[in-house]
Amino acid sequence: MTSPAKTIQDRNRELARQINEEALSNPSSPYAGKFVGIVRGQVAVVANDLDELGRAMDGIAVPPDETFCIEVGLDYDEPQFIWSAK
Amino acid sequence: MPRAIWALVGGRPVVQVELHTAEGRTATRTLLADTGAGTLRSGFELLLRDEDCRLCGSRQMQSVCLRGAYEGEYWAYMLYVRIPMLGQNRYVRTLGVENVPPGLDGIACFRFLSQYAFGNLDGPNSFGLERLSPK
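Residues numbered from 1 in each chain as written. Chains lettered and ligands numbered in written order. Predicted model: local features only at pLDDT ≥ 70, side-chain atom pairs only at ≥ 80, totals over all residues. Heavy atoms only, no water.

Undergrad: Would you mind going over the state of the cysteines in detail, with residue names and values included?
TA: For the coordinates displayed, the defined rule picks out zero disulfides over all chains. In this structure A:Cys69 is not part of a disulfide, and its nearest cysteine sulfur, from B:Cys53, lies 14 Å away. Among the cysteines around B:Cys53, which has no disulfide bond, B:Cys56 carries the closest sulfur, lying 7.4 Å off. Given a relative accessible area of 2%, B:Cys53 falls into the buried group. (Disulfide = S-S within 2.5 Å. Buried < 20%, exposed > 50% of the residue type's maximum accessible area, 1.4 Å probe, protein only.)

See the structure below:
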């Protein structure tokens, strides 16, 4: 059985994916280049940088696992290379 | 401008950051300074162990796809970190991973390092960061 928190996070991630896809295909999207905070499946914060987003999200009294954040406009499907031995 | 200098570890450049746990404790982590890790457009700045990300009560961010020494999809988290010698606190996009470079606690990637002037600012046996002048 799926926990309620997981269902919320699935909704958060889906909305984040939609917002990013829209911004990648339409640079004039209001979210393009912004930092977006999502709470329980809805956009709660739109900020200009990560610090502004973090401060605003900390002011929202919701457990972190019911929130999701995204820097809009990056291609998250493009592989990023790290060569340092682990 | 404020400057932070660290001795090389095993001949490798490192930076140290302070993490703040959800319980209010502070933990110092020594990270490999790797300018070849990621790009300026990567959705992450640091790599840390998964447990460090969880300890800090981090908010989840968009996952990214890694290749090279790390293969697969990794979730990013928003961590609040401090570099005391620079007098700087800020939120940082951090990937949670199972394994980190031997003898170290993670990797400071190019997007993190590029926020500073960096290099052998105090000679060949150390690595340093210096805050950039405001434009």
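Undergrad: A description of the interface of chain A and chain B should follow, citing residues and the corresponding values.
TA: Every contact between the two is made by 31 residues of chain A and, on the other side, 39 residues of chain B. Together chain A and chain B conceal approximately 2900 Å² of surface at their shared face, both sides included; 56% is due to carbon and sulfur atoms. It is A:Gln80, A:Ile82 and A:Lys86 that lose the most area in chain A upon contact with chain B, and together they represent 27% of the buried surface on that side. For B:Arg93, the salt bridge goes to A:Glu71, with nearest N and O atoms at 2.5 Å. Applying the counting criterion to the chain A and chain B interface returns 18 residue pairs in polar contact (both at pLDDT 80 or more). Secondary-structure elements contributing two or more residues to the side of chain A that touches chain B are α1 (4-25), α2 (50-58), β3 (67-71) and β4 (80-82) of chain A. Grouping the constituent residues of the side of chain A that touches chain B by class yields 17 nonpolar, six polar and eight charged. (Contact = heavy atoms within 4.5 Å. Buried area = accessible area lost by both parts, 1.4 Å probe. Salt bridge = Lys/Arg side-chain N within 4 Å of Asp/Glu carboxyl O. Polar contact = N/O pair within 3.5 Å; in protein donor to acceptor, adjacent residues only side chain to side chain. Helix = DSSP H or I, 4+ residues; strand = E, 2+ residues; numbered from the N terminus. Nonpolar A, V, L, I, M, F, W, Y, C, P; charged D, E, K, R; others polar.)

Undergrad: Pulling in residues and values, what's your account of the packing of aromatic side chains?
TA: This model, assessed by the stated rule, comprises six aromatic pairs over all chains. The interplanar angle of 85 degrees and the centroid separation of 6.2 Å between the aromatic rings of B:Tyr70 and B:Tyr74 together place this pair among those described as edge-to-face. Since its relative accessible area comes to 1%, B:Tyr70 is described here as buried. Since its relative accessible area comes to 15%, B:Tyr74 is described here as buried. Its guanidinium or amino end placed over the ring of B:Trp75, A:Arg13 lies 4.2 Å from that ring's centre, counting from NZ or CZ. (Phe/Tyr/Trp six-rings, centres within 6.5 Å; stacked < 30°, edge-to-face > 60°. Lys NZ or Arg CZ within 6 Å of the ring centre and 35° of its normal.)

Undergrad: Lay out the environment of B:Cys65 with the relevant residues and their values.
TA: Here B:Cys65 shows up in strand β5 (residues 59-68). For B:Cys65 and B:Leu31, which are 34 residues apart along the polypeptide, the C-alpha to C-alpha distance reads 21 Å. Non-local contacts of B:Cys65, meaning those with residues more than four positions away in its chain, are made with A:Tyr76, A:Asp77, A:Glu78, A:Pro79, A:Gln80, B:Gly72 and B:Glu73.

Undergrad: Would you mind going over the pairing of strand β3 (residues 26-33) of chain B in detail, with residue names and values included?
TA: Of all eight residues in β3(B), six are buried; the element is thus mostly enclosed. Hairpin connection, strand β2 (residues 14-20) of chain B to β3(B): the antiparallel pair is bridged by five residues, and B:Gly24 has positive phi, about 95 degrees. (Pairing = 2+ DSSP bridges.)

Undergrad: For the pattern of salt bridges, give the residues involved together with the corresponding values.
TA: When the charged atoms of two side chains with opposite charge come close together, those side chains can pair. Inspection of the entire model under this criterion finds 15 salt bridges over all chains. Residue A:Asp58 is joined to B:Arg59 by a salt bridge in which the shortest nitrogen-to-oxygen separation is 3.4 Å. With A:Asp58 in helix α2 and B:Arg59 in strand β5, the pair connects residues from two separate chains. Taking the relative accessible area as the measure of exposure, A:Asp58 reaches 47% and is therefore partly exposed. Residues joined by salt bridges that share partners form a network here, namely A:Glu71, B:Glu45, B:Arg90, B:Arg93 and B:Arg111.

Undergrad: Go over the layout of surface pockets, please, and point to the residues and values.
TA: As a volume, the largest pocket reaches approximately 300 Å³. In this structure, the largest pocket is lined by 19 residues; those nearest its centre are A:Arg17, A:Asn20, A:Tyr76, A:Asp77 and B:Gln62. At the level of elements, α1 and β3 of chain A together with β5 and β6 (72-83) of chain B are the ones that each hand at least two residues to the lining of the largest pocket. Looking at side-chain class alone, the lining of the largest pocket contains nine nonpolar, three polar and seven charged residues. (1 Å grid on protein atoms, 1.4 Å probe; cavity = no way out; pocket = protein on both sides within 12 Å on 5 of 7 lines; lining within 4 Å. Points joined across faces, edges and corners; volume = space filled by probe spheres on them.)

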